[in-house]
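# An overview of the molecular structure
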Amino acid sequence: MTGIGNRHPMTAEVRENAGSTGRDRWFVGFRFRTSRGSVGRQFFVVGEAADAEDAVAIAMARASLPRSRRAREDDAEMDGVEVRRLRWNPLGWVYLTRSRA
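Remember, predicted model here, so these are calculated numbers, not experimental data.

The rules behind these values
- Residues numbered from 1 in each chain as written.
- Predicted model: local features only at pLDDT ≥ 70, side-chain atom pairs only at ≥ 80, totals over all residues.
- Heavy atoms only, no water.
- Phe/Tyr/Trp six-rings, centres within 6.5 Å; stacked < 30°, edge-to-face > 60°.
- Lys NZ or Arg CZ within 6 Å of the ring centre and 35° of its normal.
- Patch = residues over 30% accessible without salt bridge, like charges linked within 9 Å, V, L, I, M, F, W, Y side chains within 5 Å.
- Areas by Shrake-Rupley, 256 points an atom, 1.4 Å probe, with all protein chains shown as cover.
- Salt bridge = Lys/Arg side-chain N within 4 Å of Asp/Glu carboxyl O.
- Helix = DSSP H or I, 4+ residues; strand = E, 2+ residues; numbered from the N terminus.
- Buried < 20%, exposed > 50% of the residue type's maximum accessible area, 1.4 Å probe, protein only.

## Things to note about the packing of aromatic side chains
Aromatic ring pairs are described here by two measures, namely the spacing of the ring centres and the angle between the planes. Scanning the model with the defined rule gives 3 aromatic pairs in all. Its guanidinium or amino end placed over the ring of Phe32, Arg72 lies 4.2 Å from that ring's centre, counting from NZ or CZ.

Here it is as structure tokens:
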């Protein structure tokens, strides 16, 4: 079952990760460009951040881990960042706020 636009029904896994604290979750995307001109993206969901700036810092630390670096080419350089807040409506649908690129 899919939602309208970028909204998706809340799965059990997402509901568990959302917890009952009502804390914000951040969706942070990085755009990378290789020396050959290829463009790739990596996305991270960050739940332990106090604000968007903190979410980007945590996601950058995750992106620098060997496992994340292996997922993209070694010579890839960051070319952009996108930050959105994950929200849940009263029916349990997950959606993303507008980008803070």
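## As for a nonpolar patch on the surface
A cluster of nonpolar residues, Met60, Met78 and Val81, forms a patch on the protein surface that exposes about 230 Å² of accessible area. Tracing the chain through its elements places Val81 in strand S4 (residues 77–88). Look at Val81 and you get partly exposed, because its relative accessible area is 31%.

## Looking at the pattern of salt bridges
Tallied over the entire structure, the rule returns 4 salt bridges. Asp79 is the salt-bridge partner of Arg31, the closest N and O atoms lying 3.3 Å from each other. Taken as a pair, Arg31 in strand S2 (residues 25–33) and Asp79 in strand S4 lie far apart in primary sequence, 48 residues in all. Here Arg31 falls in the partly exposed class, since its relative accessible area comes to 28%. Accessibility expressed as a relative area gives 32% for Asp79, which makes it partly exposed. With a shortest N-O distance of 2.6 Å, Arg62 and Glu48 are connected by a salt bridge. Taken as a pair, Arg62 in helix H2 (residues 52–63) and Glu48 in the loop between strand S3 (39–46) and H2 lie far apart in primary sequence, 14 residues in all. On the basis of relative accessible area, Arg62 is assigned to the partly exposed category, the value being 24%. Salt bridges sharing partners connect three or more residues here, namely Arg31, Arg33 and Asp79.

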